[in-house]
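Geometric and topological summary
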Amino acid sequence: MKPLLICDCDEVLLHMVRHFGTWLDEAHDVAFDLTSHDWARAMKPRDGSTLTPEAMWGYLDGFFPAQMDRQTLVPHARESLQALSEQADIVILTNLRDHCREHRVAQLDTHGIVHRVECNQGGKGRPVAQLVEEHGASVAVFVDDLAVHHQSVAQEAPHVFRLHMVSEPLLAPNVPVAPHAHARIDDWREARRWISARFADGVPAPRS
């Protein structure tokens, strides 16, 4: 069986936060601090009011899927996936509501990324474990920008290699390395080499 690459989308394949911030400013008069990885602090209404968690989630629901066409491709992501597809099967595992799946498929297609897309809500450990079992992959790599998902995968699928990637240059320096990831790489050229080496080794990750 082929190895398996399970890859997140936002801030891994497509830039999101910079475009989300622009939209918040234009449509809702909300400032968004791109250097902060704490969204509760990053989103600040210009009238000085405080946003509730419900309001923050509401803005995200407003961005997806209506504003997804604002998103831009992360440098070298398309070429890297194309090269890695010669070694492995690829699944895009994105934390969006299910009604956004076809929008995500179409969005990625416009950027030349055509792979299976699965939507998820909550931790990614269980769906990652299910995908690895479904594909029968002895070696798998998971790529995501959020530490919480690396922890989830470490718990549910510890034999999967975990690569932490934050592709937004303004955000990346302020995001700590995910403690449950095997590596942190924010550039797809280097990430491609690291992933390819894991596939070439042909052995599962050490259990954590």
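Up top is the structure.
What comes next concerns the included structure. (Residues numbered from 1 in each chain as written. Predicted model: local features only at pLDDT ≥ 70, side-chain atom pairs only at ≥ 80, totals over all residues. Heavy atoms only, no water.)

It is worth spelling out the overall build of the protein at this point. Broken down by element type, the protein carries 8 helices and 10 strands. What you see for the protein is a C-alpha radius of gyration of 17 Å, in line with the 17 Å of a compact globule of 208 residues. Taking the principal axes of the C-alpha coordinates as reference, the protein spans close to 55 × 35 × 30 Å. Residue burial in the protein is summarised as follows: out of 208 residues, 50% are buried. Here the analysis covers contacts within the protein between residues at least 6 apart in sequence; of these, 66% occur between residues at least 24 apart. If you sum the accessible surface of the protein, you get close to 10000 Å²; carbon and sulfur atoms cover 51% of it. Looking at the protein, you have 20 positive and 29 negative side-chain charges, and the mean spots of the two groups are 4 Å apart. (Helix = DSSP H or I, 4+ residues; strand = E, 2+ residues; numbered from the N terminus. Rg over C-alpha atoms; globule rule 2.2 N^0.38 Å. Buried < 20%, exposed > 50% of the residue type's maximum accessible area, 1.4 Å probe, protein only. Contact = heavy atoms within 4.5 Å. Areas by Shrake-Rupley, 256 points an atom, 1.4 Å probe, with all protein chains shown as cover. Lys, Arg positive; Asp, Glu negative; His and termini not counted. Charge placed at Lys NZ, Arg CZ, Asp CG, Glu CD.)

The contact between helix H1 (residues 17-28) and helix H3 (residues 53-63) brings their axes to 11 Å, and the two run at 105°. Judged on the interaxial angle alone, H3 and H1 are roughly perpendicular. On H3, the residues touching His19, Phe20, Trp23, Leu24 and His28 of H1 are Tyr59, Leu60, Gly62 and Phe63. Grouping the amino acids of the contact of H1 with H3 by side-chain chemistry returns 6 nonpolar, 3 polar and no charged. (Axes fitted to C-alpha atoms, helices over the stretch in contact; angles between N-to-C directions. Parallel < 35°, antiparallel > 145°, perpendicular 65-115°, else oblique. Nonpolar A, V, L, I, M, F, W, Y, C, P; charged D, E, K, R; others polar.)

This part is about the pairing of strand S9 (residues 161-164). Looking along a regular strand, one sees side chains alternate from face to face of the sheet. Along S9, one buried face is formed by Phe161 and Leu163 and the opposite face, lined by Arg162 and His164, is buried too. Pairing of strand S8 (residues 140-144) with S9 involves 4 bridges; the strand directions are parallel. Bridge pairing links Phe142 to Arg162 in S9. In terms of handedness, the path from S8 via helix H7 (residues 147-156) over to S9 forms a crossover that is right-handed. The pairing of S9 with strand S10 (residues 183-184) spans 2 bridges and is parallel. Bridging from a neighbouring strand, Leu163 pairs with Ala183 of S10. (Pairing = 2+ DSSP bridges. Right-handed = clockwise from strand over helix to strand, strands pointing away.)

As a further point, take helix H8 (residues 188-201). For H8, built from 14 residues, the straight-helix expectation of 20 Å at 1.5 Å per residue is met to within 8% by its first-to-last C-alpha distance of 20 Å. Listing the buried residues of H8 in full gives Trp188, Ala191, Trp194, Ile195, Arg198 and Phe199. Along H8, the residues classed as buried sweep out an arc of 135° about the axis, all on the same side. Away from its buried face, by an angle of more than 90 degrees, H8 presents the exposed residues Arg193 and Ala200. On the buried face of H8, the contacting elements are strand S1 (4-7), helix H4 (77-84), S8, S9 and S10. (Expected span 1.5 Å × (residues − 1). Arc of directions from axis to C-beta.)

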